[in-house]
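So the chains spell out like this:
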Amino acid sequence: GVPMTGGPSTLTFPELRHQLAQRDAVAEGYETQIVMRWGDAVLADAPAFDPTAQTEAAQAQQFGYNNDFIDFKPLPQGSRSADHGLLVVNHEYTDSSMMFAGIGTGSAARLRTNAEQAKVELMAHGLSIVEVRRTDGRWAAVPAGRYNRRITGATEMRISGPAAGHELMKTGADQTGTKVFGTLNNCAGGNTPWGTVLTCEENFNQYFGGAAARTGALAEMYRRYGIVENASYAWGRFEDRFNLDKEPNEPNRFGWVVEFDPYDPQSVPVKRTALGRFKHEGCTHVVNHDGRVVLYSGDDERFDYVYKFVTARPWNPNDRAANRDLLDEGTLFVARLSDDGKVAWLPLVHGQGPLTAENGFRNQAEVLINTRRAADLLRATPMDRPEDVETNPVTGRTYVILTNNTSRGEDRIDGANPRPRNAHGHIIEIVPPSVNGRPDHAATEARWEIFLLAGKPGQDAGARYHRATSDQGWLSCPDNCAFDSKGRIWIATDGAPSAAGVADGLYASDTQGPGRALTRLFYQAPTGAEVCGPCFTPDDSTIFLAIQHPGEDRGSTFERPSTRWPDFQDTMPPRPAVIAIVKRGGGSIGA
Ligand code: FEO
Ligand code: CA
Ligand code: CA
Ligand code: CA
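Calculation rules
- Residues numbered from 1 in each chain as written.
- Chains lettered and ligands numbered in written order.
- Predicted model: local features only at pLDDT ≥ 70, side-chain atom pairs only at ≥ 80, totals over all residues.
- Helix = DSSP H or I, 4+ residues; strand = E, 2+ residues; numbered from the N terminus.
- Rg over C-alpha atoms; globule rule 2.2 N^0.38 Å.
- Buried ≥ 20, exposed ≤ 12 C-beta atoms within 10 Å, placed from the backbone.
- Contact = placed C-beta atoms within 7 Å.
- Pairing = 2+ DSSP bridges.
- Axes fitted to C-alpha atoms, helices over the stretch in contact; angles between N-to-C directions.

Under an unreviewed UniProt entry, the name given to the protein chain is PhoX family phosphatase, and the source organism is Roseomonas alba.

Here you go:
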């Protein structure tokens, strides 16, 4: 039977049962509310969403596709409001099969989009900033909120930090190497203590293609970043900058962490090159005991690495403007996790160790543009696809979510990646050393431990949780996480339907005490969808979730989707949407 209480867990909700269904589900005693869907108005002049008559101009003013990262920025600015704020939401990628009529399915579906559809897709990327308010217990967007903004694949941005202006950053359209249009494949993200948001460019390789991927001067670097001749998007046919043969340097301007101010809709987003170029899943911060800011980031690829960036200076809590370019100066490190439980943080600094001209790095800009190769030379530990890396605000331990890696062979296992053909992923804790009882996240050493090994206990080899974990509480393919103010971890999954035959969901667990690693199923996504962006209001009374790619199942199309979540109208395709979950009658999520 389904346990009604948490056993040794402090979480009090009754668990859901694992299943796959067209509708989503949340634990009894809680309710879900739809806040924003693909196509909903963001800007004042946005037309009503018509899925059969999509245009570039309409999509540029509407909520984009495939919502992922969510941040909640309270209003007024600087308050801890839990009823009024800005939702900042990433739009990771587009799925032509599910967005447009007549495309069909298969790996070449995107190549069947026409020029106008390609432009719609470009506008459906980026982010939305939407003012939201809770009135009489219900969350809703504030129509035409004054901070509302769309950032798209074409929004003008600045490039800053050590790689700005380098030869490899210059294109035909930008001889300065400091100005770029758009941000792409924004998966997760983070924020800063001074109120800006960090949005992260992940699988940027998919947009660029051309024969130069094989034969060009940059072929080796393209290969290390997964850029191939045949791009999976058709955009290169309609816009030269996505064609490597015309603009070989354009992809060098993607793969960065982008900082922007959600409280200033006119602000120009900035690509912060000091944080390195790779497939950034996210980028989350912790303020160190000395006031320096430490930002953790995973490179989501099989056998890629975990990074952190330490600012050169402390942040200034009294002068917001003084922090404006704090992220341009500091040190990027990559992690080596040895089998004795130690973490060594290795600096990616030009001139140190192998990062020299003899090895092809003439300056720090080249170390950062080719971060992956620099980290290879430092012999960082190849991980099972690092997703979110996030620090528990109560314990100071940093959680590294490793989603899966079925390519890991028996001969490549190690202490921190202990399973061959790791189909279900695992979660590692990094324990920083203490200085006067406070964690030192800037230190070059730490320890690591395994928090859990995912999969079904008793069925999947090596699956490991608290022994009281129920038949409903095990999970597969962890991706994003969030912590509530009690220091409990909330884990969102991506890939469980194919890896484990259960829906993706949101699971919660204590991180310390008798309920440590006892995960419990709280929310279940509709078929085809992953759960992203878990984000609490400052009082834990609401958790926002981004439900991404509903209906993205094999054979599912715009015309014949596997679900029509969340509208369930015959004329409406499934729509990625942000939902709010609240407790009936009020109170903290999870209690
Ligand atoms: Fe876009 Fe790493 O998930
Ligand atoms: Ca995703
Ligand atoms: Ca993700
Ligand atoms: Ca993922």
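Draft legend 1. Region of the structure containing the overall build of the protein chain. Looking only at helices and strands, the protein chain features eight helices and 33 strands. Here the C-alpha radius of gyration of the protein chain, 22 Å, is about what a compact globule of 591 residues would show, namely 25 Å. Expressed as lengths along the three principal axes of its C-alpha atoms, the size of the protein chain is roughly 65 × 60 × 50 Å. The buried share of the protein chain, taken over its 591 residues, is 57%. Of the contacts formed within the protein chain by residues at least 6 apart in sequence, a portion of 62% connects residues at least 24 apart.

Draft legend 2. Just the sheet that holds strand 9 (residues 179–181), in detail. Here six strands make up an open sheet; going across it, the order is 9-8-13-12-11-10 and the pairing mixed. Only two strands of the sheet have a single neighbouring strand rather than two, namely strand 9 and strand 10 (186–191). For this sheet, the mean inter-axis angle between neighbouring strands, taken without regard to orientation, is 35 degrees. Where strand 11 (residues 197–201) lies against strand 12 (residues 257–260), four bridges are found, and the strand directions are antiparallel. Across the sheet, the residue bridging to valine 197 is phenylalanine 260, located in strand 12.

Draft legend 3. Geometry of the environment of valine 294. Structurally, valine 294 can be placed in strand 15 (residues 292–298). As for valine 294 and alanine 442, which are separated by 148 residues in sequence, their C-alpha atoms are 6.6 Å apart.

Draft legend 4. Main features of the pairing of strand 18 (residues 330–337). With six of its eight residues buried, strand 18 lies for the most part within the structure. Across five bridges, the pairing between strand 17 (residues 306–314) and strand 18 is antiparallel. Across the sheet, the residue bridging to phenylalanine 309 is leucine 332, located in strand 18. Judged from the five bridges that link them, strand 18 and strand 19 (residues 342–347) form a sheet pairing that is antiparallel. Residue leucine 337 lies in a different strand from strand 19, and its bridge partner there is valine 343.

Draft legend 5. Highlighting the pairing of strand 12. Judged by which residues are buried, strand 12 turns out to be covered on both faces: Val257 and Glu259 on one side and Val258 and Phe260 on the other are all buried. Here strand 12 pairs with strand 13 (residues 270–272) via three bridges, running antiparallel. Pairing of glutamate 259 across the sheet is with valine 270, part of strand 13.

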